[in-house]
Amino acid sequence: MDPITLLLSLAGFILLALCLDFHSKTGWAKAHKLWSILLHLAIIAAGFVIMTQLMRTFDAFYVSLFGVAIGYRISGKLTDRATKRTQLKELTAQVEAALIDHAGAASVDINLDVSAYPGNVLDDRVATLVKDGYTVSTVKLHNDKTVTLKITGRRSNAK
């Protein structure tokens, strides 16, 4: 098998999987799930048929399989990253709004409900607050699964 054909085919199936995953998030695809699944399967099968013309059937099968699998993994990571950025912006806005409410005070004592945010988003925001000189703690109540972020300490004038 020609290495250039292999790499181009793999890249093509990765891009195909990315496009199909982004298509599955559109309104039409969500409204017509069955047709969307059939469309995706037909496109992947058409790509496989085209690949069988360029290389052996077995090679075409594993190139298409690995390409689609890698493409969906990349798309999932991109979606997770975008979700984390959005959640971090929301949490930062919530914390900044609470800090603005205590703008004239010499010390800060804030309790925020942050149950909606995953641990990695909280860790990023807590690291920033600690770096700014605040004492930060989180309390998780296991009865109702709420997480409270407590920010205390004196305001630091240096930024």
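**Student:** Just to check I follow, could you spell out the overall build of the chain for this structure?
**Tutor:** Within the chain, the secondary structure is distributed over five helices and three strands. When the helices and strands of the chain are listed from N to C terminus, the series reads α-α-α-α-β-α-β-β. Taken over the C-alpha trace, the chain has a radius of gyration of 24 Å; the compact-globule value for 159 residues is 15 Å, which it surpasses by more than 25%. Counting only residues that meet the buried cut, the chain has 26% of its 159 residues in that class. Relative to all contacts within the chain whose residues are 6 or more apart in sequence, the contacts with residues 24 or more apart total 65%. When the accessible surface of the chain is totalled, it reaches about 10,500 Å², and 64% of it is carbon and sulfur. Separation between the mean location of the 18 positive side-chain charges and that of the 13 negative ones in the chain comes to 1 Å.

**Student:** Just checking my understanding: could you explain the nonpolar core for this structure?
**Tutor:** Considering soluble globular proteins, one finds that nonpolar side chains tend to be buried as a cluster. Core analysis: the largest hydrophobic core is formed by 18 residues, its most contacted members being Val95, Val114 and Ile151. Looking at this core, the elements that each hand over two or more residues are helix H4 (57-101), strand E1 (107-113), helix H5 (119-131) and strand E3 (146-154). Non-local contacts of valine 114, meaning those with residues more than four positions away in its chain, are made with Leu91, Leu122, Val147, Thr148 and Leu149. In this structure, Phe13, Met51, Met55 and Val68 belong to the second largest nonpolar core, which totals seven residues.

**Student:** Honestly, the packing of aromatic side chains in this entry has me stumped. Any pointers?
**Tutor:** For any pair of aromatic rings, the description rests on two quantities: the centre-to-centre distance and the angle between the ring planes. This structure, assessed with the given rule, holds two aromatic pairs. Grouped by ring-pair contacts, the aromatic residues Phe58, Tyr62 and Phe66 constitute a single cluster.

**Student:** Would you take a moment to explain the side chain of serine 9 for this structure?
**Tutor:** Position of serine 9 among the secondary structure elements: in helix H1 (residues 3-23). Only 2.6 Å separates the side chain of serine 9 from the backbone oxygen of threonine 5, close enough to count as a polar contact. With residues near it in sequence (within four places) discarded, serine 9 still touches Met51, Met55 and Val63.

Reading the values: the criteria
Residues numbered from 1 in each chain as written. Predicted model: local features only at pLDDT ≥ 70, side-chain atom pairs only at ≥ 80, totals over all residues. Heavy atoms only, no water. Helix = DSSP H or I, 4+ residues; strand = E, 2+ residues; numbered from the N terminus. Rg over C-alpha atoms; globule rule 2.2 N^0.38 Å. Buried < 20%, exposed > 50% of the residue type's maximum accessible area, 1.4 Å probe, protein only. Contact = heavy atoms within 4.5 Å. Areas by Shrake-Rupley, 256 points an atom, 1.4 Å probe, with all protein chains shown as cover. Lys, Arg positive; Asp, Glu negative; His and termini not counted. Charge placed at Lys NZ, Arg CZ, Asp CG, Glu CD. Core = buried A, V, L, I, M, F, W, Y, C linked by side-chain atoms within 4.5 Å. Phe/Tyr/Trp six-rings, centres within 6.5 Å; stacked < 30°, edge-to-face > 60°. Polar contact = N/O pair within 3.5 Å; in protein donor to acceptor, adjacent residues only side chain to side chain.

Remember that the coordinates give geometry; whether it matters functionally is a separate question.
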